[in-house]
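# Chain and residue survey
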Amino acid sequence: MIYLDTSVALAQLLAEDRSPPESLWQQPLVASRLLEYEVWTRIHARGLTRSHGRAVRALIDGLALIELAPAVLARVLEPFPASVRTLDAIHLASLEFVRSRGQAVELASYDDRMLAAARALRIPLFAC
């Protein structure tokens, strides 16, 4: 299972210079509900709602979304072994929630701070 970070979702949607391999989209994908909010906010801010809305919905529909439930958010209140930003902490807490349920999961991200925090938590990384 692959945990999809917003940086990878946006790279795919916006056809950035680096984008994930097609093999990523063949894997079971999971993400925090936060990804949905982050992606739509960026799409709306760039004025791309009409041109990219269908692709955004398709991408999000292909994810198993972890809700921002108290069990997930409680982890955000605890310290992390590396300095993290608030939204990254929510993603990492969501990822740890999946792991706590016995699921093997790798992180797909282009965010260097997120990757560093994941390494500190010994979370396997998906090469993208």
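Basis of the calculations
- Residues numbered from 1 in each chain as written.
- Predicted model: local features only at pLDDT ≥ 70, side-chain atom pairs only at ≥ 80, totals over all residues.
- Heavy atoms only, no water.
- Helix = DSSP H or I, 4+ residues; strand = E, 2+ residues; numbered from the N terminus.
- Rg over C-alpha atoms; globule rule 2.2 N^0.38 Å.
- Buried < 20%, exposed > 50% of the residue type's maximum accessible area, 1.4 Å probe, protein only.
- Contact = heavy atoms within 4.5 Å.
- Phe/Tyr/Trp six-rings, centres within 6.5 Å; stacked < 30°, edge-to-face > 60°.
- Lys NZ or Arg CZ within 6 Å of the ring centre and 35° of its normal.
- Core = buried A, V, L, I, M, F, W, Y, C linked by side-chain atoms within 4.5 Å.
- pLDDT = per-residue confidence, 0-100.
- Pairing = 2+ DSSP bridges.
- Right-handed = clockwise from strand over helix to strand, strands pointing away.
- Axes fitted to C-alpha atoms, helices over the stretch in contact; angles between N-to-C directions.

## Focus on the overall build of the protein
Helix and strand counts for the protein stand at 6 helices and 4 strands. Beginning at the N terminus, the succession of helices and strands in the protein can be written as β-α-β-α-α-β-α-α-β-α. Taking 2.2 N^0.38 as the reference for a compact globule, 128 residues should give roughly 14 Å; the C-alpha atoms of the protein span a radius of gyration of 14 Å, in line with that estimate. For the protein, the C-alpha atoms occupy an extent of roughly 40 × 30 × 25 Å along the three principal directions. Buried residues in the protein amount to 45% of all 128 residues. Contacts in the protein between residues far apart in sequence, at least 24 positions, make up 68% of those at least 6 positions apart.

## With respect to the packing of aromatic side chains
Counted by the stated rule, this structure contains 0 aromatic pairs. Sitting over the face of the ring of phenylalanine 80, arginine 75 holds its NZ or CZ atom 3.9 Å from the ring centroid.

## A look at the nonpolar core
Leu4, Leu24, Leu35, Val39 and Leu59 are the most contacted members of the largest nonpolar core, which has 22 residues in total. Secondary-structure elements contributing two or more residues to this core are strand S1 (2-4), helix H1 (6-13), strand S2 (29-32), helix H2 (33-45) and helix H3 (49-61). In this view, leucine 24 contacts Ile2, Leu4, Val8, Leu29, Ala108 and Phe126; residues no more than four positions away in its chain are not counted. By size, the runner-up hydrophobic cluster in this structure holds 18 residues, among which are Ala89, Leu92, Val105 and Ala117.

## Some remarks on the confidence of the model for the protein
Taken over all residues, the pLDDT of the protein has a mean of 95, while the share at 70 or more is 100%. Model confidence for the protein, summarised as mean pLDDT per element, is weakest for helix H6 (residues 112-120) at 94 and strongest for S2 at 98.

## Structural notes on the pairing of S2
Neither face of S2 is exposed, since Leu29 and Ala31 on one face and Val30 and Ser32 on the opposite face are all buried. As paired strands, S1 and S2 are joined by 2 bridges and run parallel to one another. Bridging across to S2, tyrosine 3 finds its partner in valine 30. The handedness of the S1 to S2 crossover, carried by H1, is right-handed.

## As for the sheet that holds strand S4 (residues 106-108)
Taken in spatial order, the 4 strands of this open sheet run S3-S2-S1-S4, and their pairing is parallel. The open sheet is flanked by strand S3 (64-66) and S4, the only strands paired with a single partner. Adjacent strand axes in the sheet meet at a mean angle of 35° when their direction is disregarded. In this sheet, S4 lies alongside S1 in parallel orientation, the contact comprising 3 bridges. Bridging across to S4, isoleucine 2 finds its partner in glutamate 106. Across the sheet, helix H5 (residues 86-100) touches S1, S2, S3 and S4, and the angle it forms with S2 is around 135°.

## Side note on the side chain of serine 32
Position of serine 32 relative to the elements: it lies in strand S2. A residue is classified by how much of its surface remains accessible, and serine 32, at 0% relative accessible area, is buried. Beyond its immediate chain neighbours, meaning those up to four positions away, serine 32 contacts Tyr3, Leu65, Ile66, Leu68, Ile90, His91 and Ser94.

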